[in-house]
Amino acid sequence: MRVTDSIRTATRWSCCNAVAIALLAAACSQTTRYFVPSAGDERLTVEGGRDQLDELLKVECPRLMQEGKEVSKEARIMVDVSGAGAVLRSSIARSSGDERVDSMVGAVSAKLQFDPPSTGTSGVGELRMGYACTATSAVTTLRLMRGL
């Protein structure tokens, strides 16, 4: 009769290796959504974009409050801008924490029109969109942080 034996082995992961693998997996699974203006959309100034976001958020604020989400938040938006100052596309660089709010911000920011860059060439800019909700109103800030 033949005798066989086995040895148990274990792979030990250091804390750093496990964290590195988790970060790598997260980085590989991240997707970026781009928002582009529809053909024929009216271009908005920064003030016009803020006013439109105020109106859209008035509808969302009661839902945000009911769901217990923060009533004052901020999102960062990256915009690709043509040499004429029109936003060609936008993307959310830092989420507000609510997908519906991010979608509204992305759609409105894609319709913005800035003064043409002094260089006359296309570029990238970063916007900050902040908002505060009450049960009956919303106040939005929209500011160009860098670029253009």
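Figured I'd write up the structure that's included with this text. (Residues numbered from 1 in each chain as written. Predicted model: local features only at pLDDT ≥ 70, side-chain atom pairs only at ≥ 80, totals over all residues. Heavy atoms only, no water.)

## Description of the overall build of the protein
Across its full length, the protein carries three helices and five strands. For the protein, the α and β elements follow one another from N to C terminus as α-β-α-β-β-α-β-β. When the 148 residues of the protein are sorted by exposure, 32% land in the buried category. The contacts of the protein with a sequence gap of at least 6 include a subset with a gap of at least 24, amounting to 68%. Looking at the protein as shown, the accessible area adds up to about 9600 Å², and 54% of this sits on carbon and sulfur atoms. (Helix = DSSP H or I, 4+ residues; strand = E, 2+ residues; numbered from the N terminus. Buried < 20%, exposed > 50% of the residue type's maximum accessible area, 1.4 Å probe, protein only. Contact = heavy atoms within 4.5 Å. Areas by Shrake-Rupley, 256 points an atom, 1.4 Å probe, with all protein chains shown as cover.)

## With respect to the side chain of D102
Mapped onto the fold, D102 is located in helix 3 (residues 99-109). In this structure the side chain of D102 is engaged in a polar contact, spanning 2.5 Å, whose partner is the side chain of S95. At a separation of 2.7 Å, a polar atom in the side chain of D102 contacts the side chain of S96. (Polar contact = N/O pair within 3.5 Å; in protein donor to acceptor, adjacent residues only side chain to side chain.)

## Some remarks on the pattern of salt bridges
All chains considered together, the criterion is met by 15 salt bridges. With a shortest N-O distance of 2.7 Å, K69 and D98 are connected by a salt bridge. Taken together, the residues span a long stretch of sequence, with K69 in the loop between helix 2 (46-66) and strand 2 (72-81) and D98 in the loop between strand 3 (87-94) and helix 3 at a distance of 29 residues. What makes D98 buried here is its relative accessible area of 4%. Between R128 and E74 there is a salt bridge whose closest N-O contact spans 3.1 Å. Highlighted residues: R128 in strand 4 (residues 123-133) and E74 in strand 2, separated in sequence by 54 residues. A cluster of three or more residues bridged by salt bridges with shared partners is formed by E60, R63, E67, K69, D98 and R100. (Salt bridge = Lys/Arg side-chain N within 4 Å of Asp/Glu carboxyl O.)

## Considerations on the sheet that holds strand 4
In sheet architecture, strand pairing relies on hydrogen bonds along the backbone and comes in two forms, parallel and antiparallel. Across the sheet, which stays open at both edges, the five strands sit in the order 1-3-2-4-5 with antiparallel pairing between neighbours. Two strands bound the open sheet, and with one partner strand each, they are strand 1 (34-35) and strand 5 (138-146). As paired strands, strand 4 and strand 5 are joined by eight bridges and run antiparallel to one another. Of the residues in strand 5, the one forming a bridge with C133 is A138. Together, strand 4 and strand 5 form the strand contacts of helix 2, whose direction differs from that of strand 5 by roughly 135°. In the packing of helix 3 onto the sheet, the strands contacted are strand 1, strand 2, strand 3 and strand 4, and the crossing angle to strand 3 comes to about 150°. (Pairing = 2+ DSSP bridges. Axes fitted to C-alpha atoms, helices over the stretch in contact; angles between N-to-C directions.)

## Regarding the packing of helix 2 against helix 3
Remark: helix 2 packs on helix 3, axes separated minimally by 10 Å, with the N-to-C direction vectors making an angle of 170°. Regarding the angle of helix 2 to helix 3, the classification is roughly antiparallel. Residues G49, Q52, L53, L56, L57, E60, R63 and L64 of helix 2 touch helix 3, and the partners they reach there are R100, V101, M104, V105 and V108. Its residues assigned to classes, the contact of helix 2 with helix 3 shows eight nonpolar, two polar and three charged. (Parallel < 35°, antiparallel > 145°, perpendicular 65-115°, else oblique. Nonpolar A, V, L, I, M, F, W, Y, C, P; charged D, E, K, R; others polar.)

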